[in-house]
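A closer look at the structure
So you can see what is in the structure, the chains are spelled out below.
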Amino acid sequence: MKTKLLSGLLCLMSAIILTLNIFPLSAKCSDHTVGEVDDLIGGIVSYKLGQSGVGSVEEWLDNGIAEGAGKTTDWYALTLAQSGYADLSAYEQSLLKYLGNNNFASATSREKYALALCAAGSENSYITDILDSSIGEQGIMSWIYGLHVLNNGYTCSRFTVDSVVDTILSLQYSDGGWALFGDYGDIDVTAMTVQSLSPYYHYNSEVSESVDRALDFMSRKQMDNGGYQSFGNPNPESAAQVLTAVSALGIDCRSDERFIKNGNDLLDGIIRFRLSDGSFSHIEGGESNETATVQAYYSFVAFRRMTEGKTPLLILDNRRKDTDSPQVTEATAHFEAVTESSSAQLLTTVVSDSHGTTFKTTRTTSVSYSTSVIKTESVTIAISSVSSSNKNVSLQPSATSHNEKIGNKQSYKPIIIIAIAGSALAVALIMFILGKRNRKNYIFIGIVTGALIILVMITDIRSSDEYYSGNKKEKKKPVGTVTMEIRCDTIAGKSEHIPEDGVILPPTAFDFEAGETVFDILTEAAQTYGIQVENKCSAGGAHGMVYISGINYIYEYDFGDLSGWVYHVNGITPSRSCGEYVLSNGDSIEWLYTCEIGHDLDEVYEK
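Now for a description of the structure that goes with this document. Just so we're clear, the structure is a prediction, and the values are computed from it rather than from any experiment.

1. Brief notes about the overall build of the chain
Scanning the chain from terminus to terminus reveals 21 helices and 10 strands. For the chain, buried positions account for 52% of its 607 residues. Summarising the internal contacts of the chain: among those between residues at least 6 apart in sequence, 71% fall at separations of at least 24. About 28,000 Å² of surface is accessible on the chain, with carbon and sulfur atoms providing 54% of the total.

Printed below as a string of structure tokens:
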């Protein structure tokens, strides 16, 4: 009887376990602790302190962050401000000086700088002066950043919070997302839009409905590893934007089943890109990337603020105290209420914030990669202008004296060979005089001498003048011809070093050999026509890691957070790095500068 009863109980338990496995009650909760996230934050800050050569966050603020104001450190400054560091005076003064010396065509850049000043506690009128001329002037992103400034209690004459919110809601796509262009939502833009709308989620029904649709969109797009991909590429930045967005709404990604896939949450989607030095890479297994690092940083801080019941990341703690608008006050009150009601359910491993401890995070581009640069420091070659409609014209540089100089210059190789041979003879003579006349010694000297001479013969050592020779590279076995042009029409004439017509290199023909890539032709153009090119990844044979951050001293982010260089082949935007795109006969290559990650160029993407 006991045996039968025991067997029955075992069968019942097995049935229950089987049922629970087939029909889980809910998504598995993540086991990430607050302390773990604090360690991630501290790791990033430690990495940045080491990179800047300072020993404390205060030193970093007064030196590296202040020096990078307006260029590379603005998101770090804002995130440190939101982590409890109130004294950003050095950064504020440096940023104001930078703004006074430069004009910015990008509306989103102006709004970003206004937010940075707000985070620093500045009372400068720049914050409000730029709003009327910036909000809505550069598509959805300028509406988003403009709303962030308004959310902090600032006002302007042309727009109100309500009018900007209504406009943003009207731009939502049928799939629940937002995007810069096209027919479908983009994960990054959607998450950033939700961040800007978050203060109104709990008391504006239209915003609530819209954001709920956006949350469904972001949930559907999440991958099984907890992360996201953008333009077909898995990356930590997209997950960081979603983490910042849901944290702004008071949603804990560790327990909300909408953002847990296969047991992995948003934190898992970011952490897998973490490197041993505490920084983050843009691609899994890649090198440290500044954009990935700073975005991971501020998303972790946004998460921590949520766990502590603080306001969203971009409702700024150091904003002017007289700007506590009803929106800001309600948002603050809401998050305080959320904390009081749910703090017992949160894992609260709180780290004491003694401002000498490395303990915060941020995001943005770029980068502690090793940087290799193809640039012309001493040579500038003018290029004849040709109508852009003449697609088959091959131009020659108008530089006049390079060939003559190089032709008249005595080759270095005979001199080096004579020096090597002379040195070897001197060593042999000294050994003979000292009585060391073993034949093996002289054989060894001969072998070393021969090896050095062969090395000189096969090595091509060139000066800057010779490298930028004005002559196209002679191809021994060309298999076809391609054309390439470089243009920056989107910013034509906006700075002294930017051509008025936007043409850096007109359509120009290049022979190519089997296996050569778009990057190879760009490098050849740089050498031939003296065009500065900066590659932030690698400069050797690892072409797959090529990332072009600057051409002709025009760099990514110079004209906004979404600006940079893209390339097209036969009118199509490839999904591969320019170092991976192997050329075919007749290919037409375009390098173009974009202010909206390619969406202002009517791009057609490779399938």
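2. Things to note about a negative patch on the surface
Side chains of Asp162, Asp166, Glu206, Glu209, Asp212 and Asp216 sit close together on the surface and give a patch of like negative charge. Elements that contribute at least two residues to the negative patch include exactly α10 (161–170) and α12 (205–221). Looking at which element gives the most residues to the negative patch, the answer is α12, with 4 residues. By the secondary structure assignment, Asp212 is in helix α12. Accessibility expressed as a relative area gives 31% for Asp212, which makes it partly exposed.

3. Here's the deal with the sheet that holds strand β9 (residues 564–569)
Pairing in this open sheet of 4 strands is mixed, and the strands run β5-β4-β10-β9 from one edge to the other. Each of the sheet's edge strands pairs with one partner strand only, and the pair in question is β5 (503–513) and β9. Neighbouring strand axes in the sheet, compared pairwise and without regard to direction, differ in orientation by 20 degrees on average. The sheet contact formed by β9 and strand β10 (residues 588–594) spans 6 bridges and is antiparallel. Considered in β10, the bridge of Tyr567 is made with Trp591.

4. Let's talk about the packing of α10 against helix α11 (residues 187–197)
Interhelical geometry of α10 versus α11 gives an angle of 150 degrees and a closest axis separation of 11 Å. Of the possible angle classes, the one that applies to α10 and α11 is roughly antiparallel. Between α10 and α11 lies a crossing whose hand is left-handed. Contacts between α10 and α11 pair Val165, Ile168 and Leu169 from the former with Thr193, Ser196 and Leu197 from the latter. Looking at the contact of α10 with α11, its residues break down into 4 nonpolar, 2 polar and no charged.

5. Quick notes on the pattern of salt bridges
Applying the stated criterion to the full structure yields 14 salt bridges. Notably, a salt bridge pairs Asp252 with Arg254, separated by 2.7 Å at the nearest N-O pair. Each member of the pair, Asp252 as well as Arg254, carries the same accessibility label: buried. One network of salt bridges, in which partners are shared, links Asp38, Arg304, Glu308 and Lys310.

6. Points about the nonpolar core
Judged by nonpolar contacts, the single largest core of 100 residues is most densely connected at Met218 and Phe300. Among the elements that take part in this core, helix α15 (residues 290–307) stands out by supplying 10 residues, more than any other. In terms of nonpolar packing, the next biggest core, distinct from the first, is built from 34 residues, Ile486, Ile504, Leu505 and Ile521 among them.

7. Focus on helix α5 (residues 89–101)
Here α5 is 13 residues long and its end C-alpha atoms lie 19 Å apart, about the 18 Å a rise of 1.5 Å per residue gives. All of the buried residues in α5 are Tyr91, Glu92, Leu95, Tyr98 and Leu99. When α5 is viewed along its axis, its buried side chains cluster within an angular range of 130 degrees and face the same direction. Seen from the open side of α5, the exposed residues pointing more than 90 degrees away from its buried face are Gln93, Lys97, Gly100 and Asn101. Summarising the contacts, the buried residues of α5 are in contact with α3 (57–67), α4 (74–81), α6 (107–119) and α7 (126–129).

8. Examining the pairing of strand β7 (residues 548–551)
By the bridge criterion, 3 bridges tie strand β6 (residues 533–535) to β7 in an arrangement that is antiparallel. What sits directly across from Asn535, in β7, is Ile548. Remark: 2 residues form the turn of the hairpin made by β7 and strand β8 (residues 554–555), two consecutive strands paired antiparallel; Asn552 in that turn has positive phi of roughly 60 degrees.

9. Here's the deal with unusual backbone geometry
At Asn262, a residue that is not glycine, the phi angle is positive and equals roughly 55 degrees. Inspection of the secondary structure assignment puts Asn262 in the loop between α13 (236–248) and α14 (266–271). Phi at Tyr553 takes a positive value of approximately 65 degrees, unusual for a residue other than glycine. On the secondary structure map, Tyr553 appears in the loop between β7 and β8.

10. Digging into helix α19 (residues 439–458)
Given a rise of 1.5 Å per residue, 20 residues ought to cover 28 Å, and the 29 Å separating the end C-alpha atoms of α19 matches this to within 8%. Among all positions of α19, only Ile445, Thr449 and Val456 are buried. Down the axis of α19, the smallest arc covering the buried residues is 30 degrees, so these residues share one side. Turned more than 90 degrees away from the buried face of α19, the exposed residues are Arg439, Lys440, Phe444, Ile447, Ile454 and Ile458. Near the N-terminus of α19, the side chain that reaches the backbone nitrogen of Lys440, with its oxygen 2.9 Å away, is that of Asn438.

11. Comments concerning a nonpolar patch on the surface
Taken together, Phe444, Val448, Leu452, Ile454, Leu455, Met457 and Ile458 make up a surface patch of nonpolar side chains, about 700 Å² in accessible area. Inspection of the secondary structure puts Val448 in helix α19. Looking at Val448, the relative accessible area reads 34%, which means it is partly exposed.

12. A few points about the pairing of β10
Burial analysis of β10 places 6 of its 7 residues in the buried class, which makes it a mostly covered element. Note that strand β4 (residues 478–487) and β10 share 5 bridges and pair parallel. Its bridge partner being in β10, Arg487 is matched across the sheet by Leu592.

Procedures and definitions
- Residues numbered from 1 in each chain as written.
- Predicted model: local features only at pLDDT ≥ 70, side-chain atom pairs only at ≥ 80, totals over all residues.
- Heavy atoms only, no water.
- Helix = DSSP H or I, 4+ residues; strand = E, 2+ residues; numbered from the N terminus.
- Buried < 20%, exposed > 50% of the residue type's maximum accessible area, 1.4 Å probe, protein only.
- Contact = heavy atoms within 4.5 Å.
- Areas by Shrake-Rupley, 256 points an atom, 1.4 Å probe, with all protein chains shown as cover.
- Patch = residues over 30% accessible without salt bridge, like charges linked within 9 Å, V, L, I, M, F, W, Y side chains within 5 Å.
- Salt bridge = Lys/Arg side-chain N within 4 Å of Asp/Glu carboxyl O.
- Lys, Arg positive; Asp, Glu negative; His and termini not counted.
- Charge placed at Lys NZ, Arg CZ, Asp CG, Glu CD.
- Pairing = 2+ DSSP bridges.
- Axes fitted to C-alpha atoms, helices over the stretch in contact; angles between N-to-C directions.
- Parallel < 35°, antiparallel > 145°, perpendicular 65-115°, else oblique.
- Left-handed = near helix turned anticlockwise from the far one by under 90°.
- Nonpolar A, V, L, I, M, F, W, Y, C, P; charged D, E, K, R; others polar.
- Core = buried A, V, L, I, M, F, W, Y, C linked by side-chain atoms within 4.5 Å.
- Expected span 1.5 Å × (residues − 1).
- Arc of directions from axis to C-beta.
- Polar contact = N/O pair within 3.5 Å; in protein donor to acceptor, adjacent residues only side chain to side chain.

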